[in-house]
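Examination of the molecular architecture
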Amino acid sequence: MFYIYGIILFFLLALPVFRALINIYPDYLWFVDLGYQNVFFTIWSARLIPALIFTIVAFIIVYFNLFITLKNRKKIAAEPEVVYDNGSLFNINSLPFEKTAEILDSFKWLKIVIAAFIAIIFGGFWLISWDKVLFFLNSQLLGKTDPVFHKDIGFYFFTYPFLKLLQSWLMSLSVVVLIITLLGYIHRKSLSIKGLKIEISPHIKLHVSVLLGIIFMLIAWLYKLNMYQLLYTSSGLVYGPGYTVIHADLLGYNALFIMSLIIVGLIFINIFRKGIMLPLEGFAVMAVIYILLKGVYPVVLQQLIVKPNEIEKERPYINYYIKYTQDSYGLSSIQEKILTINPNLTVEDMKRNQDTVTNIRLWDHRPLLKTLEQLQEIRLYYNFYDVDVDRYWVNGKYQQVMLSARELDADQLPAQARNWINQKLTYTHGKGVVMLPVNKMTSEGLPDFYINDVPPKINVDIQLENSSIYFGESTNKYIITNTKAKEFDYPQGDSNQYTEYSGPKGIVLNNFLRKLLFAIKFREMNIVFTDTITPKSKIFFDRSIRTRVEKIAPFLSYDNDPYVIVANKKLYWIMDAYTVSSMYPYAQPFYGSVNYIRNPVKVVIDAYTGETGFYVIDDKEPIIATYKKVFPTLFKSVKELSPEIIAHFRYPEDLFVVQAKMFGTFHMTDPQVFYNQEDLWVVANETYADNVKPMEPYYTMMKLPEDKKLSFRLMLPFTPSKKNNMIGWMSANSDYPDYGKITVYKMPKEQLIYGPIQIESRIDQDTEISKQLTLWGQKGSQVIRGNLLVVPVENSFLYVEPLYLQATQSKIPELKRIVVAFGNKLAMEATFEEALMKVFNSNVLDKVQDTIKTKGSGTQNENGSSQLINEAGRAYNEAQQAIKALDWKTYGEQMRRLGSVLEQLRNKN
């Protein structure tokens, strides 16, 4: 019977192992294809070697204790019967496990099976904790120490998590061994209870005492480790230990640590004494100490000593809290400036800031995405996942643009076409991007594209030769290329254009075994039986850029907004990678427990080949320095990257949001001010689509008063807590050599500076604007209010909000009005130029208009006829191209566009 159970157990264990091996080999081929086989072997070595070592250690410990238990049991069984008196509390023969050791002794191999089973469970624990072992062995110092124990913070990042894990593992194993040992010792001759006197066999006493001694040594170690854990206390005035924790809780852990070691001594002394009362008395003393020092004393100290003098008692710990939180989020390097507001902008001010004014973003990514879905998805299987903001040199001018990648989703094919051939072999990739300036629109309020349509039509001097997208944000299904089936490239009139993947990457299906393995992995036997797959066919899987980077480097965290760029005549994705930790002393956590974050790595993914590179931009960051030691072939220097790609690096939005929220509290460096929270800032609110919500950070090109040239910045305004006036304005530079430098303007507290929601209220209260918005909303349309941009110009702020009109049925938001506010002046007009002209006097705008028109911010209103003539020429040329492609829909659109431009020329003349 036991042999049958053994066979069943073998197959139960073998099937998951077989399934795991089936998945491991394709993953190995995937890493090899990317050139990261060393990363694959390092990760699996870090999983298997510790797991194997700890499995062997656990097996030896368990088997040795089982062996000693059974050996001692035989000696006990050979001793004379113990005679119980009438005062015995219970009869050990009544216990259900009394026969346990006899069963173990009857089947010699059962000890090995039990020891192996327990060892595999405890060894398998290290398969999921491999990173802590690896980083412990390659740990780095930060050069900064905590203020309580004066240990380098690198100890808390790398060593402390491993020590906690090791202690927990040893404690769990010791408890399991103790339980098994006690079960093995259950025998009628092993224990005698006479009244309050307990007699235990000497063999059992020695063995169990050793195990208990080990457990209490581990308990002592736990109390020592718990002392360090006090650095992350979250229940007091500060995050970290305050006065009560330092003077009461820490004292309690020290006392418990010493008492645990005393109990270890009492246990070993008791081996040579009768009874077991000595260690029990020690344990009772330890319980009293715990109640007094961990329960009663902290409460008394807090109520009688700390609360009546809280600010004085907590002052040094508030200082630690502020300093270490600023360090952990990189806030200490922020450049703060008091801004003296100039309420009057002059002609010279506007001319000096023409680059800022002409790059103000009028398109909001949220309504723009809906517009692109209607105008540029072209076919039902294409989709736009996101819209990104970037900057490019366009026709010799450095300007801000918006881009979106056109990805392909084969699941959106018609039901009758949704077969394996089409979804996996034919419809394999997306095509191209759309690009548009942030400040231009057509006369209909639609985007004025630089790049549009399929195949991409490029209306500017940007070069893009390979526009196929095999790897993207929403692309994750496996595909097979280079088969006998035609690979769809893009639609052309009533027919399609086909292509064949020509990149160097891809796992070649050149033998039956590989095809079988992938058929099992994807549960698709067509891979084996179809005759369309050739020895040159390649399979691609895990094509989502997020899946790829997380699979290659799972120990990094990643930004939620990867973005597409055009560089080197190709398409690339850029993702920001973060190093994070929850172990920075005295640092306030965000989003759970994380209280340290840096952005030392940029990940670049080729949209065509899927080649993925991890480029270090800050090799002094301590966590990435450790990762580089562990994975020397994974990380590359940013110097190896082409300047054309580096030019599109952006300061990451997720990091900026965290820093902004932390800065709103931790810009207060005076302990008294911090204690009173009297200068608390919050991210300003805005109105979007009739909902009031915190503003999102936004990218824009500008030149700050202290800047010598135009820079691409991420920005966010602040208001005081529970107030709406603007109190601060933060921006981060995205351009080298000043990449990552953060500037904060602090507003004078004695002067009212309008906050975004106050500008929104002024828009609502303006009778003409309110009347127009209400009128639009009653005619089957919805008014969408875009981002309210707060743009610094000299020592003043210009407020700009685009308004979109979306018909209930068409769902195509059109940019219809621009609201501009400055000081007490407010205007809503059809174009940005007209709104500026209404807010400022005509003399100012007349002189600035020449500078604005060179960059353009509304094609239908530029001075002179040359721009309209050029627009007419482009419309005519695109209409002719549409005729050649038999694309009558596009032909009609371009002819309507041509008619609109001719009408504008007629009105101008």
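The rules behind the values
Residues numbered from 1 in each chain as written. Predicted model: local features only at pLDDT ≥ 70, side-chain atom pairs only at ≥ 80, totals over all residues. Heavy atoms only, no water. 1 Å grid on protein atoms, 1.4 Å probe; cavity = no way out; pocket = protein on both sides within 12 Å on 5 of 7 lines; lining within 4 Å. Points joined across faces, edges and corners; volume = space filled by probe spheres on them. Helix = DSSP H or I, 4+ residues; strand = E, 2+ residues; numbered from the N terminus. Salt bridge = Lys/Arg side-chain N within 4 Å of Asp/Glu carboxyl O. Buried < 20%, exposed > 50% of the residue type's maximum accessible area, 1.4 Å probe, protein only. Axes fitted to C-alpha atoms, helices over the stretch in contact; angles between N-to-C directions. Parallel < 35°, antiparallel > 145°, perpendicular 65-115°, else oblique. Left-handed = near helix turned anticlockwise from the far one by under 90°. Nonpolar A, V, L, I, M, F, W, Y, C, P; charged D, E, K, R; others polar. Contact = heavy atoms within 4.5 Å. pLDDT = per-residue confidence, 0-100. Pairing = 2+ DSSP bridges. Arc of directions from axis to C-beta. Polar contact = N/O pair within 3.5 Å; in protein donor to acceptor, adjacent residues only side chain to side chain. Patch = residues over 30% accessible without salt bridge, like charges linked within 9 Å, V, L, I, M, F, W, Y side chains within 5 Å. Areas by Shrake-Rupley, 256 points an atom, 1.4 Å probe, with all protein chains shown as cover. Core = buried A, V, L, I, M, F, W, Y, C linked by side-chain atoms within 4.5 Å.

What follows covers the layout of surface pockets. Left-over empty space is what a probe sized like a water molecule reveals as it rolls over the atoms. Its boundaries defined by the atoms lining it, the second largest pocket holds a volume of some 750 Å³. Lining the second largest pocket are 29 residues, with Gly330, Ser333, Arg598, Asn599 and Asp618 sitting closest to its centre. Within the residue set of the lining of the second largest pocket, elements represented by two or more residues are β20 (596-606), α20 (653-666) and β29 (742-746). If you tally residues by element for the lining of the second largest pocket, the top one is β20, at five residues.

Next up on the list: the pattern of salt bridges. Inspection of every chain in the model, using the stated rule, returns 28 salt bridges. In this structure, Asp606 engages Lys570 in a salt bridge whose closest nitrogen and oxygen atoms are separated by 2.4 Å. Within this pair, whereas Asp606 is found in strand β20, its partner Lys570 is found in strand β19 (residues 570-581), the two being separated by 36 residues in sequence. In this structure Asp606 comes out as buried when scored by relative accessible area, which is 4%. By relative accessible area, which is 21% here, Lys570 ends up partly exposed. A salt bridge links Lys749 to Asp679; the nearest nitrogen and oxygen atoms lie 3.3 Å apart. Taken together, the positions of Lys749 in the loop between β29 and α22 (756-765) and Asp679 in the loop between α21 (671-676) and β23 (681-683) put the pair 70 residues apart, joining distant regions of the chain. Exposure remark for Asp679: the relative accessible area of 16% places this residue in the buried category. Put simply, Asp364, Arg366, Glu686 and Glu696 are held in one network by salt bridges that share partners.

Moving on to the packing of helix α6 (residues 153-184) against helix α7 (residues 202-229). What describes two packed helices is the angle between their axes and the distance between those same axes. Interhelical geometry of α6 versus α7 gives an angle of 155° and a closest axis separation of 10 Å. Of the possible angle classes, the one that applies to α6 and α7 is roughly antiparallel. Like other packed secondary-structure pairs, α6 and α7 cross with a definite hand, here left-handed. Residues belonging to the contact of α6 with α7 are distributed by class as follows: 22 nonpolar, five polar and one charged.

The N-to-C vectors of helix α9 (residues 277-306) and helix α10 (residues 310-328) enclose an angle of 115°; their axes lie 9 Å apart at closest approach. Here Gln302, Ile305 and Val306 of α9 come into contact with α10, specifically with Glu310, Lys313 and Glu314. For the contact of α9 with α10, the class distribution of residues is two nonpolar, one polar and three charged.

Before going further, it helps to examine unusual backbone geometry. Here the residue pair Val454 and Pro455 is connected by a cis peptide bond, since its omega of -5° sits within 30 degrees of zero. Inspection of the secondary structure puts Pro455 in the loop between β9 (451-452) and β10 (457-458). Note that the residue after Tyr736, namely Pro737, is joined by a cis bond; omega there is 10°. Relative to the helices and strands, Pro737 is located in the loop between β28 (728-733) and β29. Although it is not a glycine, Asp453 sits at a positive phi angle of roughly 70°. Relative to the elements of secondary structure, Asp453 occurs in the loop between β9 and β10.

Here the protein averages 86 in pLDDT, and 86% of its residues register 70 or above. Confidence over residues 82-95 falls short of pLDDT 50; this stretch has 24 contacts with residues more than four positions distant or in other chains. Within the model, the stretch residues 842-864 combines pLDDT values under 50 with 55 contacts to residues more than four positions away or in other chains.

Where burial is concerned, most of strand β30 (residues 781-785) is hidden: four out of the five residues are buried. Summarising the sheet, β30 and strand β32 (residues 796-807) pair through five bridges and their orientation is antiparallel. Across the sheet, residue Gln782 finds its bridge partner in β32, namely Gln806.

Right, let's get into helix α23 (residues 767-777). Listed in full, the buried residues belonging to α23 are Ile769, Leu773 and Trp776. End-on view of α23: buried residues confined to an arc of 65°, all on one side of the axis. Projecting away from the buried face of α23 at angles above 90 degrees are the exposed residues Thr767, Glu768 and Lys771. Tucked into the core, α23 has its buried residues touching α22, β30, β32, β33 (814-822) and β34 (825-829). The N-cap of α23, judged by a side-chain oxygen 3.1 Å from the amide nitrogen of Glu768 a few residues on, is Asp766.

A cluster of nonpolar side chains, namely Val288, Tyr290, Ile291, Leu292, Val296, Val300, Leu304 and Ile305, defines an oily patch on the protein surface of about 720 Å² accessible area. One can find Ile305 in helix α9.

Nonpolar side chains tend to gather and get buried jointly when the protein is soluble and globular. Within the largest apolar cluster, 241 residues are counted, with the highest numbers of intra-cluster contacts made by Phe555, Leu556, Phe614, Phe631, Leu634, Phe635 and Phe797. Of the residues forming this core, the biggest block, 15 residues, is contributed by α6. Leaving out residues up to four positions away in the same chain, Phe797 has contacts with Leu339, Ile341, Met726, Trp729, Met747, Ile753, Val790, Val791, Pro792, Ala821 and Phe822. By size, the runner-up hydrophobic cluster in this structure holds ten residues, among which are Tyr381, Tyr382, Leu408 and Tyr490.

Another aspect to go through is the sheet that holds strand β15 (residues 507-508). Taken together, the three strands give an open sheet; going across it, the order is β12-β16-β15, and neighbouring strands pair in antiparallel fashion. Only two strands of the sheet have a single partner each, and these edge strands are β12 (479-481) and β15. Direction of pairing for β15 relative to strand β16 (residues 538-540): antiparallel, over a ladder of two bridges. Within β16, the residue paired with Ile507 across the bridge is Ile539.

With that settled, the discussion passes to the side chain of Thr532. Mapped onto the fold, Thr532 is located in the loop between α16 (526-529) and β16. Classification of Thr532 as buried rests on a relative accessible area of 15%. Within the local environment of Thr532, its side chain forms a polar contact with the side chain of Thr530, the two groups lying 2.8 Å apart. Ignoring any residue separated from it by four or fewer positions in sequence, one finds Thr532 in contact with Ile421, Leu425, Thr483, Lys484 and Ser537.

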